[in-house]
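What follows is the residue order along each chain.
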Amino acid sequence: MRPSLRALLASRAAWRESFSVRGRDVARWFPGHMAKGLKKMQSSLKVVDCVIEVHDARIPLSGRNPLFQETLGLKPHLLVLNKMDLADLTEQQKIMQHLEGEGLKNVIFTSCVKDENVKQIIPKVTELIGSSYRYHRAENLEYCIMVIGVPNVGKSSLINSLRRQHLRIGKAARVGGEPGITRAVTSRIQVCERPPIFLLDTPGVLAPQIESVETGLKLALCGTVLDHLVGEETMADYLLYTLNQHRLLGYVQHYGLDTACDDVEHVLKSVAMKLGKTRKVKVLTGTGDVNVTQPNYSAAACDFLRTFRSGLLGPVMLDHDILEGHPSANTDP
Ligand SMILES: Nc1nc2c(ncn2[C@@H]2O[C@H](COP(=O)(O)OP(=O)(O)OP(=O)(O)O)[C@@H](O)[C@H]2O)c(=O)[nH]1
């Protein structure tokens, strides 16, 4: 019999109040090699009428690259919060108010896998361009839009989705589950005929410095950095902490665990055993070598992350702490 949520909650002693990372070598998680991409984007700006910044809807209030505003900030700007199919948007109104407070008035939530809300983008962009001065480009009836954002948020997917919606044709931009698929600013890709709109896809660019350890972990959970740079087990621990904090206990049923638990070693061990992700190791005892079955923690951590990212553990809002006005105390990177 599956344990009820009430039983799960009652069975818990205490959840962790905060999350700490051993070692904290956050600089290593986010190598500062992305300035070149930003320079290239800047040099293409003169032909650009509007910038669409794509970000992950699970972290609407953190992890955006502040350099975008500094270097590309003069153009009309639309923030597209993508992957809304994976995000808990119960507090969407509060999120919008928060963003408006930061000066971000033009925001659209989308899902490119479901083509949800993508149709709102072209009318919004046309309106923004119409109300701005197109320096040197007043006579040109074609619009050029640059799509920017941190890695793996769905920039290329958005371009493909726009083409499906407006031109009824398929892929033009390469999409992938890992960060760093788009390597350079692409040549113009048409997404609409009336008005003629062309997009420039760009490589994902992370901020050179991450504002806090927790922001780094949120970005990592959303797949914006390669997992091995942060460490799958560290990420699995942060995921477990977050799910428990928000009482998102779907992982217990998904993996058939006895109860919710905040101890990552215990959870990963159970996951590994349930999935048969084990390995045999030789242990030297007084009577000679003995083969012992040990859980493969790393494989279990990878499965936990994959399951979370595919949405099987339910929609999440990783920026709850900011929405509630108490971002993590763990703020020094
Ligand atoms: N669930 C979900 N997945 C999405 C959505 N949009 C994109 N993806 C997935 O996210 C991953 C990254 O998508 P891309 O379009 O390659 O992202 P990108 O921002 O262009 O990535 P870089 O080239 O690394 O900067 C792919 O596995 C996509 O299938 C969405 O709306 N929902």
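Reading guide: rules and limits
- Position numbers for residues count from 1 along each chain, tracking the sequence in the order it is written.
- A pLDDT threshold of at least 70 governs which residues receive local features in this predicted model, and a stricter bar of 80 or more applies before side-chain atom pairs are shown or counted, although totals over entire chains, interfaces and linings include all residues.
- By the criteria applied, helices consist of DSSP H or I runs no shorter than four residues and strands consist of E runs no shorter than two, each listed in order from the N terminus.
- Exposure criterion: with C-beta atoms placed from backbone coordinates, a residue whose C-beta has 20 or more other C-beta atoms within 10 Å is buried, one with 12 or fewer is exposed, and one in between is partly exposed.
- Here, residues touch in the contact sense if the C-beta positions derived from the backbone fall within 7 Å of one another.
- Every residue is assigned a pLDDT by the predictor, reflecting its confidence on a scale from 0 to 100.
- Strand pairing is defined by DSSP finding a minimum of two bridges between the two strands.
- A helix is expected to reach a length of 1.5 Å times the quantity of its residues less one.
- By definition, the arc is the one covered by directions from the helix axis to the C-beta atoms.
- Under the definition applied here, buried Ala, Val, Leu, Ile, Met, Phe, Trp, Tyr and Cys residues are grouped into a nonpolar core through C-beta atoms within 7 Å.
- Between N-to-C directions, angles cover 0 to 180 degrees, with each direction set by a line fitted to C-alpha atoms, over the stretch in contact for helices.

A.B. asks: I would appreciate a short explanation of the overall build of the chain in the present structure.
C.D. replies: When you go through the chain residue by residue, the secondary structure sums to 14 helices and 8 strands. Across the 333 residues that make up the chain, the buried fraction comes to 37%. Within the chain, residue pairs in contact and separated by at least 24 positions form 74% of the contacts whose partners lie at least 6 positions apart.

A.B. asks: Honestly, the confidence of the model for the chain in this entry has me stumped. Any pointers?
C.D. replies: One rule of thumb: low pLDDT means the predicted coordinates there are not for detailed reading. For the chain, per-residue confidence averages 86 on the pLDDT scale, and residues scoring 70 or more make up 84% of the total. Taking the mean pLDDT of every element in the chain, the minimum, 53, falls on helix 1 (residues 5-11) and the maximum, 98, on strand 3 (residues 107-109). Scoring of the predicted complex yields 0.89 for pTM and 0.98 for ipTM.

A.B. asks: Explain the pairing of strand 8 (residues 288-295) to me, please; I cannot follow it from the model alone.
C.D. replies: The two faces of a sheet get side chains in turn, since along a regular strand they alternate between them. Burial analysis of strand 8 places just 0 of its 8 residues in the buried class, which makes it a mostly uncovered element. Bridge count for strand 7 (residues 278-285) against strand 8 is 8 bridges, and the pairing is antiparallel. When the bridges of strand 8 are listed, Leu 284 appears paired with Asp 289. If you look at the hairpin formed by strand 7 and strand 8, you'll find 2 residues sitting between the two strands.

A.B. asks: Any chance you could explain the environment of Asn 244 here in plain terms?
C.D. replies: Summarising the element assignment, Asn 244 is placed in helix 10 (residues 232-245). Beyond its immediate stretch of four places on either side in the chain, Asn 244 contacts Trp 15, Ala 260 and Asp 262.

A.B. asks: Just checking my understanding: could you explain the environment of Gly 37 for this structure?
C.D. replies: With respect to the helices and strands, Gly 37 occurs in helix 3 (residues 35-43). In this structure, the C-alpha to C-alpha distance between Gly 37 and Arg 58, residues 21 residues apart in sequence, is 25 Å. When sequence neighbours within four positions are dropped, the list of residues in contact with Gly 37 reads Thr 202, Pro 203 and Val 205.

A.B. asks: Can you walk me through helix 13 (residues 297-309) in this structure?
C.D. replies: Three or four residues apart is the spacing at which side chains of an α-helix point the same way, because the helix has 3.6 residues per turn. Counted at 1.5 Å a residue, the expected span for helix 13 with its 13 residues is 18 Å, and the 18 Å between its end C-alpha atoms agrees. Buried within helix 13 we find Ala 300, Ala 301, Asp 303, Phe 304 and Phe 308. Buried residues of helix 13 fall within an arc of 160° about the axis and therefore sit on the same side. On its buried side, helix 13 packs onto helix 10, helix 12 (264-275) and strand 8. Once helix 13 finishes, Gly 311 follows within two positions and takes phi at roughly 90°, a positive value.

A.B. asks: Help me understand the nonpolar core, please; the structure alone is not making it clear to me.
C.D. replies: Nonpolar side chains in soluble globular proteins generally cluster together in the buried interior. Counting residues in each nonpolar core, the largest one holds 77 residues, and the members touching the most others are Ile 52, Ile 145, Val 147 and Leu 239. If you tally residues by element for this core, the top one is helix 10, at 7 residues. Ignoring sequence-local partners within four residues, the contact set of Ile 52 consists of Leu 78, Val 80, Val 125, Ile 145 and Val 147.

A.B. asks: Whenever I open this one, the sheet that holds strand 4 (residues 143-148) confuses me. Can you help?
C.D. replies: Through backbone hydrogen bonds, the strands of a sheet pair up, either in parallel or in antiparallel fashion. An order of 3-2-1-4-6-5 is seen for the 6 strands of this open sheet, with the pairing classed as mixed. In this open sheet, the two strands that pair with only one neighbour each are strand 3 and strand 5 (189-192). Ignoring which end each strand starts from, the neighbouring axes of this sheet average 30° apart. Here strand 2 (residues 77-82) pairs with strand 3 via 3 bridges, running parallel.

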